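Commentary on secondary and tertiary structure
Spelled out from the first residue to the last, the chains are:
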Amino acid sequence: MVSPVGSASYIETNSPVKYVHTISEAGRLLPSSSQWNSIELEFGLFPQSSSDYGSLPSRYSKSFQYELIVTDKQYFKRFLYILGSSVILIIALVLLVVFLPRKHHKHGDNKNLTLAVNQALTFYDAQKSGIYPKNSPVKFRGDSGLRDGNSSNANPPVDLVGGFYDSGNNMKFTFPTAYTITLLSWTVIEYHQKYDDIHELAHVKDIIKWGTEYLLKVLVPPMDATSGRTILYSQASKVGVASNKSAASNDMKCWQRPEDMDYDRPVSVCDGSASDLAGEIVAALSAASMVFKEDDVYSRKLVKAAEKLFEVAWNEDPHRQGTYTRLDDACGGESRTFYNSSGHIDELVWGGTWLSFATGNLTYLDYATKNFDSAKNNVTSFDSGVFYWNNKLTAIAVIICSQNVSSTFITYYALAQSSDMIDSLMCSYLGQNFDMTPGGLIIQRPENGAPLQFAATASFLSKLYSDYLEVLLRSGGRCSSIGAFTVNYILGDNPMKMSYMVGFGDKYPNQVHHRSASIPWDGKHYSCEEGEKWLKSKEPNPNVVVGAMVGGPNQFDNFTDERERPLFTEPSISSNAGLVAALIALHHPPRHNSGNKLGLDQTSLFENIRL
């Protein structure tokens, strides 16, 4: 007997039933028990009532009691088999999801960042000029540039042996060298616990000291200069065309290993009016002094040199202050072709900020924060929001905001300016103001090419600022960090499926625009003419310049691996500094971290500052 449509239905046990169809109060057709008997199933969806009210319709639309009679065992067994198989399959899928390794894009866990940091630092070993260390991991390099500074235009001759070759050429530029040392030192100050945990702290400090030793040489204080003025050497190289018609013996025209150089390498000489160059050197020496704080003598030596230079640059006649590349050829030289500085105020603010951290003298910080707005107005439109050798404003803003992390925070007008600027900048990194390639790489300077150098520093600032906010227990606002995505892109997660850091992974550029890497290390001397064949060769480089980040793809994610296309394949020390910064910032915190869970040192940046 079947109950009326729309009511709760039940089956009398003494009534033969072939088909049972019911319609719930919701109007949904319930299953039929067609042709089933022999097996009785009872589904009690709710506890059965022990009272006589059990036969009354329930107030719940799905409260039913069934007695189904199965008339065909074969169909029923098949149903149970399918049901059981489905349950097992679902359980297996759940277990796979739970236990299989996953890619955590937030932290870049799918890449070996420990190896990446080591390799990125090793690139600097390949760039060293001077008496080459015997214990270097790079085996295709040797002594080079041992006469640098001892040339006809250096009067008197000066010792400029050492430093780093800038890129794939044999030139040494002071401006990008100083920027490189500042940025590397910053990463050690913030993340020295991470460096120590992966056994790279001594390595990075060796690189920084190699740079500071050279920077101390390029600075000649007034007390040592015969002219009574401060002298800065901005470069040690030769770019002009040589008089020898058979060969253009200079750093750009001659494709030759630095060990084989036998041509003159004139130096470029500036003074304190090269404000940007002075400010960057001040920043480098100041930041490095904090890296070597345990070596009190050396740390004080760096600070003393930085203070003297900043005093000269600060007190320079405002009408004479400016960029080193605006000056005559004797100062700017060929540097303007490669590192044509567009302003000087951001470098002076940058230098003052780092000098205040190194000394604890708030006069320098006062100068920096009061001139922050002026530096902001001085930045060109195409450099807005970009952190690299020519623009330090975004990094300054992050540092000023970071003062909130310290209990010794001091309020300045620049704080509000910096906070608003950086909050907006994080969003711009996600494509709100900057374009992106189809593969998702941020393009900050589309007219420049070589986009990875800018993307790397954006990745670093994004992660560092995120760490600052987490320490402060503050929300990141509207936008999140782009750090891990950018690093993964550089290391191979891109449309070309190629790592743009040489030596990392299975596929990477093998025709890097790099003289030392492209010429065999076979004990033979190769002239400029002989070296030319290696430039034009289509074969892979005989030496792998491990850790070098090349220029990278174009705005469509396409990459051309050709030695004669330096826009794609040339590395540089300033670009690699941004890569190192991004890698260490995104690396896992130390396994035995006595500080916070981020591996960020909250106090070292401000330990010299007291209220």
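Because the structure is a prediction, the values reported are computed rather than measured. In every chain, residue numbers begin from 1 and rise along the written sequence. In view of the model being predicted, local features appear only for residues whose pLDDT reaches at least 70, and side-chain atom pairs are presented and counted only at 80 or more, with totals across whole chains, interfaces and linings using the full set of residues. Computation of side-chain values covers all heavy atoms of the structure but excludes hydrogens and water.

A few points about the overall build of the protein chain
For the protein chain, the helix and strand inventory stands at 18 helices and eight strands. The buried label goes to any residue with under 20% of its type's maximum accessible area, the exposed label to any with over 50%, and the partly exposed label to all in between, with areas taken from a 1.4 Å probe on protein chains only. Looking at the protein chain as a whole, 54% of its 611 residues qualify as buried. We call two residues in contact when some of their heavy atoms are within 4.5 Å. Nonlocal contacts in the protein chain, meaning residues at least 24 apart in sequence, comprise 72% of its contacts between residues at least 6 apart. The method behind every accessible area is Shrake-Rupley, applied with a 1.4 Å probe, and residues are considered shielded solely by the protein chains displayed. For the protein chain, the accessible area works out to roughly 27,900 Å², and carbon and sulfur atoms hold 54% of it. Numbering of helices and strands runs from the N terminus; a helix is a DSSP stretch of H or I covering at least four residues, while a strand is a stretch of E covering at least two.

Describing the packing of aromatic side chains
Between 30 and 60 degrees the pair is tilted, below 30 it is stacked and above 60 it is edge-to-face, where a pair is any two Phe, Tyr or Trp rings, Trp via its six-membered ring, whose centres lie within 6.5 Å. Using the criterion set out here, one finds 28 aromatic pairs in the structure. With 5.1 Å between their ring centres and 90° between their planes, W186 and F460 make a pair best called edge-to-face. Pair noted here: W186 is in helix 3 (residues 174–197) and F460 is in helix 13 (residues 452–471), with a separation of 274 residues, a long-range link. The exposure classification of W186 matches that of F460, with both residues buried. Seen from their ring centres, Y526 and W534 are 6.3 Å apart, and the 80° between their planes marks the pair as edge-to-face. Assessed through its relative accessible area of 9%, Y526 is described here as buried. Put simply, the rings of Y179, W186, W350, W354, F357, F387, F460 and F606 touch in pairs and so form one group of aromatic residues. Placement of a positive charge over a ring is assigned whenever Lys NZ or Arg CZ falls within 6 Å of the ring centre and within 35 degrees of the normal to the ring plane. Note that K128 overlies the ring of W210, its terminal NZ or CZ placed 4.7 Å from the centroid. Between the NZ or CZ atom of K209 and the centre of the ring of Y298, over which it lies, the distance is 4.5 Å.

Digging into helix 4 (residues 201–218)
Expected span of a helix, by definition, is 1.5 Å for each gap between consecutive residues, and there is one gap fewer than residues. Between its first and last C-alpha, helix 4 extends 26 Å over 18 residues, near the 26 Å set by a 1.5 Å rise per residue. Within the span of helix 4, buried status applies to L201, H203, V204, I207, I208, W210, G211, T212, Y214, L215, L216 and V218.

Topic: the state of the cysteines
Cysteine sulfur atoms that come within 2.5 Å of each other are treated as a disulfide pair. Summed over the entire model, instances satisfying the criterion amount to one disulfide. Between the sulfur of C254 and that of C528 lies a disulfide, 1.9 Å long from S to S. Negative torsions about the S-S bond denote left-handed disulfides, and the value of about -100° found for C254 with C528 makes this one left-handed. You can see C254 sitting in the loop between strand 5 (231–236) and strand 6 (267–270) and its partner C528 sitting in helix 16 (residues 528–536), a full 274 residues away along the chain.

A short note on the packing of helix 3 against helix 13
Helix axes are fitted to C-alpha atoms over the stretch in contact, other axes to C-alpha atoms as well, and angles between N-to-C directions run from 0 to 180 degrees. Here helix 3 crosses helix 13 at 30°, and the two axes come no closer than 13 Å. In this view, helix 3 runs roughly parallel relative to helix 13, as classed from their interaxial angle. Helix-helix and strand crossings are classified by hand; for helix 3 and helix 13 the assignment is left-handed. From helix 3, Y179, L183, W186, T187, E190 and Y191 reach across to helix 13, where they touch T457, F460, L461, K463, L464, D467 and Y468. Between 65 and 115 degrees an angle is taken as roughly perpendicular, under 35 as roughly parallel, over 145 as roughly antiparallel, and anywhere else as oblique. Note: crossing handedness is left-handed where the near helix turns anticlockwise from the far helix by less than a right angle, and right-handed where it turns clockwise.

Some details on helix 16
Among all positions of helix 16, only C528, G531 and L535 are buried. Relative to the axis of helix 16, the buried residues are bounded by an arc of 60° and lie together on one face. Arc, as used here, means the arc of the directions from the helix axis to the C-beta atoms.

Here's the deal with the nonpolar core
As used in this record, nonpolar core signifies buried Ala, Val, Leu, Ile, Met, Phe, Trp, Tyr and Cys residues forming a set joined through side-chain atoms within 4.5 Å. Counting residues in each nonpolar core, the largest one holds 136 residues, and the members touching the most others are W186, Y195, I208, W350, W354, F460 and L583. In contact with L583, not counting residues within four places along its chain, are L113, A116, V117, A120, V487 and L491. In terms of nonpolar packing, the next biggest core, distinct from the first, is built from five residues, Y165, C254, M261 and Y263 among them.

Looking at unusual backbone geometry
Its identity is not glycine, yet K497 carries a phi of approximately 55°, on the positive side. When you line up the elements, K497 lands in the loop between helix 14 (483–490) and helix 15 (515–518). Residue K497 is classed as exposed on the basis of its relative accessible area, which comes to 62%. At D557, a position not held by glycine, the phi torsion is positive, near 70°. Looking at the element boundaries, D557 is found in the loop between helix 16 and helix 17 (566–569).

Some words on the side chain of S537
Mapped onto the secondary structure, S537 falls in the loop between helix 16 and helix 17. If we skip the residues at most four places from it in the chain, S537 touches Q511 and R563.

Some thoughts on the layout of surface pockets
Of the grid points, spaced at 1 Å and generated over the protein atoms alone, those admitting a 1.4 Å probe that cannot get out make up cavities, while open sets with protein on both sides within 12 Å along at least five of seven lines make up pockets; any residue with an atom within 4 Å of a point is treated as lining. Grid points are joined across faces, edges and corners, and a volume is the space filled by probe spheres set on the points. Space inside the largest pocket adds up to approximately 820 Å³. The wall of the largest pocket is formed by 37 residues, among which F338, Y339, Q453, L567 and E570 lie closest to the centre. Listed by contribution, the elements that provide at least two residues to the lining of the largest pocket are helix 7 (335–338), helix 13, helix 16, helix 17 and helix 18 (573–586). Ranked by residues supplied to the lining of the largest pocket, first place goes to helix 7 with three residues.

Description of empty space enclosed by the protein
Under the defined criterion, the tally for this structure stands at six cavities of 30 Å³ or more. Its volume calculated, the largest cavity comes out at about 70 Å³. Lining the largest cavity we find S342, G343, D346, A375, N378, V379, T380, D383, N390 and N391. Three classes are used: nonpolar for Ala, Val, Leu, Ile, Met, Phe, Trp, Tyr, Cys and Pro, charged for Asp, Glu, Lys and Arg, and polar for all others, with Gly counted as polar. Residues of the lining of the largest cavity, tallied by class, amount to two nonpolar, six polar and two charged.

Focus: the side chain of T182
One can find T182 in helix 3. Relative accessible area serves as the criterion here: at 0%, T182 is assigned to the buried category. Within the local environment of T182, its side chain forms a polar contact with the side chain of E280, the two groups lying 3.1 Å apart. Dropping the residues within four chain positions of it, T182 is found in contact with E280, A283, A284, A287, W350 and W354. By the criterion applied in these results, polar contacts are pairs of N or O atoms within 3.5 Å in which, for protein atoms, one can donate a hydrogen and the other can accept it, and in which residues neighboring in sequence qualify only through two side-chain atoms.

A short note on a nonpolar patch on the surface
There is a patch of nonpolar side chains on the surface, built from F79, L80, L83, V87, I91 and L95 and spanning about 530 Å² of accessible area. Structurally, the position occupied by L80 is in helix 1 (residues 73–99). For patch building, the residue pool is restricted to those with more than 30% relative accessible area and no salt bridge; the joining distance is 9 Å between like charges and 5 Å between nonpolar side chains (Val, Leu, Ile, Met, Phe, Trp, Tyr). Any Lys or Arg side-chain nitrogen located within 4 Å of an Asp or Glu carboxyl oxygen qualifies as a salt bridge.

Quick word on the environment of A283
Mapping A283 onto the fold places it in helix 5 (residues 275–291). Here A283 is in contact with T182, W350, G351 and W354, once residues within four sequence places are set aside.

What about the confidence of the model for the protein chain?
The predictor attaches a confidence to each residue, called pLDDT, with possible values from 0 through 100. Looking at the protein chain, pLDDT values average 79 and 71% of them are 70 or higher. Confidence over residues 1–64 falls short of pLDDT 50; this stretch has 80 contacts with residues more than four positions distant or in other chains. Confidence over residues 238–249 falls short of pLDDT 50; this stretch has 26 contacts with residues more than four positions distant or in other chains.

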